[in-house]
Amino acid sequence: MQAASRAIGKLQLGKVKEGVTGNVGIMQGGKGTNIVPDEVRIQGEIRSMQHEDAIRLADEYRCIFEEESAASGATVSWEEEIHIQAYETLLESKAVKEFENAVKAVGLSPKLEKTFGGSDQNVFAQKGIEGIVVANSMYNVHSVEEYTNLFEMEKVVEILKEIVRNEEI
């Protein structure tokens, strides 16, 4: 537990640099308050706009845990899972142009934003399928106060209809 705590204390967490975040969200260990834990499990995540930056930071994290464990006589069993890979759809792409045209056609102004969110498009991009994620009126996301706006959802449907209509031509 002490080695794990020292390692976590040395990690760069939160916004590590522009486009890269790191977090430790779960730390579990022990079977009782009067027993030295024989095992500690830690879970966290790294998100990055560039996949290579995420891999580099994971390697840094692993080295820190290994160093602190070795200094304490503990061992590390390290597991990594890549749930999604970062991708970028170029502003000049067909998908972006079609989206912008559809947004203008329904009387709105297009706005493009980069996010740390994961979606099906992360998987599609790995398969060479170009696309974007259309925002769908999400407020206070992932909280108990999350809500959506019916008018905005209707506008999203209009935008999607416009994209499909133009594909048919």
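Structure: see above.
Description of the structure in this document. Computed from a predicted structure; not experimentally measured. (Residues numbered from 1 in each chain as written. Predicted model: local features only at pLDDT ≥ 70, side-chain atom pairs only at ≥ 80, totals over all residues. Heavy atoms only, no water.)

Let's shift gears to helix α1 (residues 2-10). What α1 keeps buried is the set A3, A4, A7 and I8. Along the axis of α1, the buried residues cluster in a sector spanning 135°; they form a single face. In α1, the exposed positions angled more than 90 degrees off the buried face are occupied by Q2, G9 and K10. Among the structural elements, β2 (20-29), β3 (40-48) and α2 (51-72) are those in contact with the buried residues of α1. (Buried < 20%, exposed > 50% of the residue type's maximum accessible area, 1.4 Å probe, protein only. Helix = DSSP H or I, 4+ residues; strand = E, 2+ residues; numbered from the N terminus. Arc of directions from axis to C-beta. Contact = heavy atoms within 4.5 Å.)

Turning to the environment of M1, a few remarks are in order. By the element assignment, M1 lies in the segment before α1. Distance from M1 to V40, taken between C-alpha atoms, is 6.2 Å for residues 39 residues apart in sequence.

The next subject is the nonpolar core. One recurring pattern in soluble globular proteins: nonpolar side chains tend to sit buried together. Within the largest apolar cluster, nine residues are counted, these being A7, I8, L11, V16, V20, L57, Y61, I64 and F65. Where this core is concerned, the elements lending two or more residues are α1 and α2. Top contributing element to this core by residue count: α2, with four residues. Core analysis: the second largest hydrophobic core is formed by five residues, F99, V103, V106 and I159 among them. (Core = buried A, V, L, I, M, F, W, Y, C linked by side-chain atoms within 4.5 Å.)

To continue, consider the packing of aromatic side chains. Working definition: an aromatic ring pair is given by the centre-to-centre distance plus the angle between the planes. Scanning the entire structure with this criterion turns up two aromatic pairs. Plain terms: the ring middles of F65 and W78 are 5.9 Å apart, the flat faces sit at 45° to each other, and that makes the pair tilted. Placement of F65 in helix α2 and of W78 in the loop between α2 and α3 (94-105) is noted, with a sequence separation of 13 residues between them. According to the relative accessible area criterion, F65 is buried, its value standing at 10%. Each ring, one from Y139 and one from Y147, has its centre 4.9 Å from the other, and the planes form 15°; the classification is stacked. (Phe/Tyr/Trp six-rings, centres within 6.5 Å; stacked < 30°, edge-to-face > 60°.)

Right, let's get into α2. In an α-helix there are 3.6 residues to a turn, and that puts residues three or four apart on one side. The end-to-end C-alpha distance of α2, which contains 22 residues, comes to 32 Å, matching closely the 32 Å that a straight helix rising 1.5 Å per residue would cover. Close packing links the buried residues of α2 with α1, β1 (14-17), β2 and β3. Remark: G73 follows α2 within two positions and exhibits a positive phi of approximately 80°. (Expected span 1.5 Å × (residues − 1).)

One open sheet accounts for three strands, arranged β1-β2-β3; its pairing is antiparallel. Two strands close off the open sheet at either side, each with one partner strand: β1 and β3. Pairs of neighbouring strands in the sheet enclose a mean axial angle of 30°, with direction left out of account. Examined bridge by bridge, β2 and β3 share nine bridges and lie antiparallel to one another. By the bridge assignment, V20 is partnered in β3 with S48. Set on the sheet, α1 makes contact with β2 and β3; between it and β2 the angle comes to about 165°. (Pairing = 2+ DSSP bridges. Axes fitted to C-alpha atoms, helices over the stretch in contact; angles between N-to-C directions.)

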